[in-house]
Amino acid sequence: MCGIVGYIGSKPAGDIIIDGLRRLEYRGYDSAGIAVLQDRAIELRRSVGKLSALVKALESNAVRGTVGIGHTRWATHGRPCEENAHPHTDCTGKIVVVHNGIIENYLELKKQLQQSGHVFKSETDTEVIAHLVEARFNGDLLQAVQGALAQVRGAYALGVIAADEPGRIIVARRDAPLIIGLGEGENFLASDIPALLPYTRRMVFLEEGDLAAISADKVVIYNSGGETVVRKEHSIAWDAVQAEKGGYKHFMLKEIFEQPQAIQDTFRGRLSPEDGAINLDGATLPAEAVRQLSKIYIVACGTSYHAGLVGKFLFENLARIPVEVDIASEFRYRSPVLDKNAVAIVISQSGETADTLAALRLSKQGKCPVIAVCNAIGSTVSREADATLYTRCGPEIGVASTKAFTGQLTALYLLAFDWAGKRGTLTGDTLLRLIRELWEVPGKVSEALKSSDTMRSLAKEFSQARDFLYLGRNINYPVALEGALKLKEISYIHAEGYPAGEMKHGPIALIDEDMPVMVVATAGKVYEKILGNIEEAQARGGTIIAVATEGDEAIKSKTSHHVFVPHVDELFSPIINVVPLQLFSYHMAVQRGCDVDQPRNLAKSVTVE
Ligand code: M6R
């Protein structure tokens, strides 16, 4: 939530910062701003709305200078308007701050600062930081920021520059991500990796409570105790091109079509279809610990939570371990019974989701080991977990998560196979058969992607619907939830995901000719039951769109609208069945003229509670 970019070197800072912000716009897009230092003066530009508005403003009023910071905002405190857009300044306009996070005690601090004469120009929590730094600044920006942060409570990733100390940017982080990019005679800062990929692959991830002074030729990092520390430099293999649209109209569509590759990359080198060997390289539990496991908690938010719901079926069916799946914002406020014989699996694409992180920390406090399934290398979740099984999806830019979901499912198959093997709950032959089936999944996903044209036609027909019901059963109930979430978030149509068998206990009352019903009805042990549910919905006037298995003549004759996907073992059906649902929501959003990659009110990475 909110994206920060900074640059110090010898090139025009404005261009680099705007380019980086463009790559971070998925983190927030209700206003944007930039501050650049030139001749010991700050040039500040801010605009309401998307980054394009700022770019337009800069065309007629450019910034010059080789040091600067920029921000793209997702509003928490204060409505989206120019005054509330970052960067924020102190009373003199010489100290400038960009911030991602929430300062919890800002009202109290603001009152104190106002009493001592500081004049505030915005409604934001961030502005207190600029004034706190101003109150302490006597030529040493590092010390002033250190002192200011000692007074604040809350979450922050921030960048600060001062007109009177033009040679460095001071940055700090606590409970919000911040990365330093290392260059030759230049250095960078950003909230997330994609912002810096065209400039450097050498990145340092700041840790909780770190503060750093960044100049063109040097980066000095201090820990929360004020001691100088060296943080590991990572070399990022992601390709800058992966963070571009590459000929697709939207990132979401590109990412949907990248799924076969993302799935394959996630399992490649980790299991062998020849002999069934599984090697998760430490991103799992030792055999003895797996045998002792009494329970698995899977905790996540949004789409990652839906992946977790599928995970429950996998671990219970294959490894015979009881599983509880929790939404992270609920888990953190209940009192889960945690101990060392349980394990928490936290799932997060970004690795920065505040609630998921809180759940991770709660689990660790309860002595419960934590395994993360995560996409973002070096993210907070991946650093704090006891082990991380990375999905290898590359950067996911579209706010609606797609390839991260199927990557997460792949990682959960790997873990479930590994644990079933260690517990001996599957015979070697069965395990080998499943591993070979997983090997075939990328090809089947490619087949399922061919449903795009059908989904486009269906979207044309149903684009004016106001409500949608999504039904699924058993391992495909989470797929119904995920399909409904996709539709809601990018086309703003009310959609509810429901277990099909539960329909008659309430939602059936909603069904009439104005309520289309999307049913996941592929082959499997509840297929006959689903056919029954389809009949029930049709008897109430509902129009069914069925996702069915290729060659299913019964569905063809029973439903007026259907789409076919290739046959797979039921265990793998979620990873295939979700594809037409993703495509449907994409085409619906396009039909309705919605902003697919940047839906209203949302941000890609939810770093505040
Ligand atoms: O980065 P995370 O996986 O932790 O994010 C969790 C959710 O915020 C995310 O899946 C969200 O629901 C997406 N917008 C869904 O498309």
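Residues numbered from 1 in each chain as written. Predicted model: local features only at pLDDT ≥ 70, side-chain atom pairs only at ≥ 80, totals over all residues. Heavy atoms only, no water.

1. Points about the domain arrangement of the chain
Alright, step 1. When cut into domains, the chain gives domain 1 (3-243), domain 2 (254-439) and domain 3 (446-591).
Alright, step 2. Taken together, the contact between domain 1 and domain 2 spans 16 residues of the former and 14 residues of the latter.
Alright, step 3. Roughly 1,300 Å² is buried in total at the junction of domain 1 and domain 2, and carbon and sulfur atoms are behind 61% of that figure.
Alright, step 4. Inspection of the domain 1/domain 2 interface yields 1 salt bridge.
Alright, step 5. As a salt-bridge pair, aspartate 175 and arginine 361 come within 2.9 Å of each other at their nearest N and O atoms.
Alright, step 6. Taken together, the connections running from domain 1 to domain 2 amount to 3 residue pairs in polar contact (both at pLDDT 80 or more).
Alright, step 7. Residues that form the side of domain 1 that touches domain 2 fall into these classes: 11 nonpolar, 1 polar and 4 charged. (Domains from an automatic or database assignment. Contact = heavy atoms within 4.5 Å. Buried area = accessible area lost by both parts, 1.4 Å probe. Salt bridge = Lys/Arg side-chain N within 4 Å of Asp/Glu carboxyl O. Polar contact = N/O pair within 3.5 Å; in protein donor to acceptor, adjacent residues only side chain to side chain. Nonpolar A, V, L, I, M, F, W, Y, C, P; charged D, E, K, R; others polar.)

2. With respect to the packing of aromatic side chains
What describes a pair of aromatic rings is the distance from one ring centre to the other and the angle between the planes of the rings.
Alright, step 1. One pass over the full model with this rule turns up 12 aromatic pairs.
Alright, step 2. Arranged with centres 4.9 Å apart and planes meeting at 45°, the rings of tyrosine 413 and phenylalanine 572 form a pair that is tilted. Placement of the pair is tyrosine 413 in helix α13 (residues 403-423) and phenylalanine 572 in the loop between β25 (561-565) and α19 (573-591), with a sequence separation of 159 residues. Here tyrosine 413 and phenylalanine 572 have matching classes, each one buried.
Alright, step 3. Cluster of aromatic residues (ring-pair linked, three or more members): Phe462, Phe468, Tyr470 and Phe584.
Alright, step 4. A cation over a ring is seen here: arginine 600 above tyrosine 492, with NZ or CZ 3.8 Å from the ring centre. (Phe/Tyr/Trp six-rings, centres within 6.5 Å; stacked < 30°, edge-to-face > 60°. Helix = DSSP H or I, 4+ residues; strand = E, 2+ residues; numbered from the N terminus. Buried < 20%, exposed > 50% of the residue type's maximum accessible area, 1.4 Å probe, protein only. Lys NZ or Arg CZ within 6 Å of the ring centre and 35° of its normal.)

3. Comments concerning the state of the cysteines
Alright, step 1. In the structure shown here, the tally under the stated rule is 0 disulfides.
Alright, step 2. Cysteine cysteine 301 remains unbridged, with the sulfur of cysteine 374 as its closest cysteine sulfur at 13 Å.
Alright, step 3. In this model cysteine 368 remains outside any disulfide bridge; the closest cysteine sulfur is found in cysteine 301, 17 Å from its own.
Alright, step 4. The exposure class of cysteine 368 is buried, given its relative accessible area of 2%. (Disulfide = S-S within 2.5 Å.)

4. Description of the sheet that holds strand β17 (residues 323-327)
Alright, step 1. The 5 strands lie next to each other as β17-β16-β18-β19-β20, forming an open sheet whose pairing is parallel. Two strands lie at the open edges of the sheet, namely β17 and β20 (387-390), each paired on one side alone. For this sheet, the mean inter-axis angle between neighbouring strands, taken without regard to orientation, is 20°.
Alright, step 2. In the sheet, strand β16 (residues 295-300) pairs with β17 via 5 bridges, with the strands oriented parallel. By the bridge assignment, isoleucine 298 is partnered in β17 with valine 325.
Alright, step 3. Relative to the sheet, helix α9 (residues 302-319) contacts β16, β17 and β18 (342-348), its axis offset from that of β17 by approximately 175°.
Alright, step 4. The strands touched by helix α11 (residues 354-365) within the sheet are β16, β18 and β19 (370-374), with β18 carrying the most contacts at an inclination of about 165°. (Pairing = 2+ DSSP bridges. Axes fitted to C-alpha atoms, helices over the stretch in contact; angles between N-to-C directions.)

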